[in-house]
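# Remarks on the overall topology
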Amino acid sequence: MLSNVAKMLGSSGLCVTQSVLLQSSRNTFVLKRRFPPNLYKKNQKPGKLRGRHFVYDLVEDTTIKKKPNLEVVLTAFVEGVGSKGDVVSLKPNEAYNKLLLPGLAVYKTPENVAKYATEKDEKETEVHSSAYAQRTVNKLESLILAVVMNKDHPWVIEPWHIKLSLRKAGYYVPDSAITLPDTPITGPDLLKQNKEFYCTVTINNLEQARVRCRIHHWSTEPSDRLPYVFEHWKLDAEPLFGEASPAKA
């Protein structure tokens, strides 16, 4: 009786343990014997392997090996990457998550290259001079530019004043790319202190960015200087020419 019960429990599999991690892992390790076994002649029985013959050195681990870039074809303009029809090479994770999943690119195949090359010839509604032009426009339009002018001598703001202010902020812009408002801005005038106006910066003779500028008076004499305002760019400012700045388009 007890033997039958033991057989039933054994056949039921209650005591059998199985691993739940059954998914495969694509890992490859290239190993090399530290002490290779001795060679043997043809038709000779191989010698017995010793413990030292099972000591291996790691030659290559594919899990930490840098994967090659993935080439994809853009199906639309992507800021900082390229235009529609361009073939770009990016890291696999970046290409998959930022381009392939959102539908902004497809895998590079002869069919996809030919398909989007013909569509690239057709004029797009949105034209960009380069992949980084729109990013530059966004950076400039988010900037509050401090235009520092002399408090003691008369002046009229010219494009080179804006050029120097942009250079202090880390942007190099030629005078020809800067368009000031139609109304001349003269000074010194303390009523214009910290007031805003817009100027237009043209990028590659195509894109235009409207840059917010604020006038700040500065004196070479420390006793005549205005009180320092901490983080003045975070404060609200009145427009110099009313609600809409007369910057040229």
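Notes on the structure follow. Model, not experiment: these values are computed from the prediction.

Every buried residue belonging to helix 4 (residues 133-141) is among Ala-133, Val-137 and Leu-140, and all of these are buried. Angularly, the buried residues of helix 4 cover 70 degrees about the axis, an arc narrow enough to put them on a single face. On the buried face of helix 4, the contacting elements are helix 5 (159-168), strand 10 (196-203) and strand 11 (207-218).

Bringing the sheet that holds strand 5 (residues 105-107) into the picture now. What the three strands build is an open sheet, ordered 4-3-5; its pairing is antiparallel. Each edge of the sheet is formed by a strand with only one pairing partner; in this case those strands are strand 4 (87-90) and strand 5. Sheet twist, expressed as the average angle between the axes of neighbouring strands with direction ignored, equals 40 degrees. As judged from the three bridges shared by strand 3 (residues 70-74) and strand 5, these two strands associate in the antiparallel manner. Residue pairing across strands places Leu-74 opposite Ala-105, the latter belonging to strand 5. Seen against the sheet, helix 2 (residues 92-100) touches strand 3, strand 4 and strand 5 and runs at an angle of roughly 20 degrees to strand 3.

Right, let's get into the sheet that holds strand 10. The strand order across the open sheet formed by four strands is 6-11-10-8, and the pairing between neighbours is mixed. Each edge of the open sheet carries a strand with a single partner, namely strand 6 (144-150) and strand 8 (178-179). Inspection of the sheet shows strand 8 paired to strand 10 by two bridges, in the antiparallel sense. From the neighbouring strand, Thr-179 faces strand 10, where its bridge partner is Thr-200. Against the sheet, helix 4 makes contact with strand 10 and strand 11, and its axis sits at roughly 25 degrees relative to strand 11, the strand it touches most.

Turning our eyes to something else, we now look at the pairing of strand 10. Two faces belong to every sheet, and in a regular strand the side chains alternate between them. Burial within strand 10 is extensive, with six of its eight residues counted as buried. Summarising the sheet, strand 10 and strand 11 pair through eight bridges and their orientation is antiparallel. Each bridged residue has a counterpart across the sheet, and for Val-201 the counterpart in strand 11 is Ala-209. The hairpin formed by strand 10 and strand 11 contains three residues between the paired strands, and Asn-204 there has a positive phi angle of roughly 55 degrees.

Before going further, it helps to examine the pattern of salt bridges. A complete count under the given rule lists six salt bridges for this structure. Arg-212 serves as the salt-bridge partner of Glu-196, at 2.6 Å between the closest nitrogen and oxygen. Of this pair, Glu-196 sits in strand 10 while Arg-212 sits in strand 11, placing them 16 residues apart in sequence. For Glu-196, a relative accessible area of 10% gives the class buried. Look at the salt bridges and you will find they share partners, linking Glu-196, Arg-212 and Arg-214 into a network.

Thresholds, definitions, all that
Residues numbered from 1 in each chain as written. Predicted model: local features only at pLDDT ≥ 70, side-chain atom pairs only at ≥ 80, totals over all residues. Heavy atoms only, no water. Buried < 20%, exposed > 50% of the residue type's maximum accessible area, 1.4 Å probe, protein only. Helix = DSSP H or I, 4+ residues; strand = E, 2+ residues; numbered from the N terminus. Arc of directions from axis to C-beta. Contact = heavy atoms within 4.5 Å. Pairing = 2+ DSSP bridges. Axes fitted to C-alpha atoms, helices over the stretch in contact; angles between N-to-C directions. Salt bridge = Lys/Arg side-chain N within 4 Å of Asp/Glu carboxyl O.

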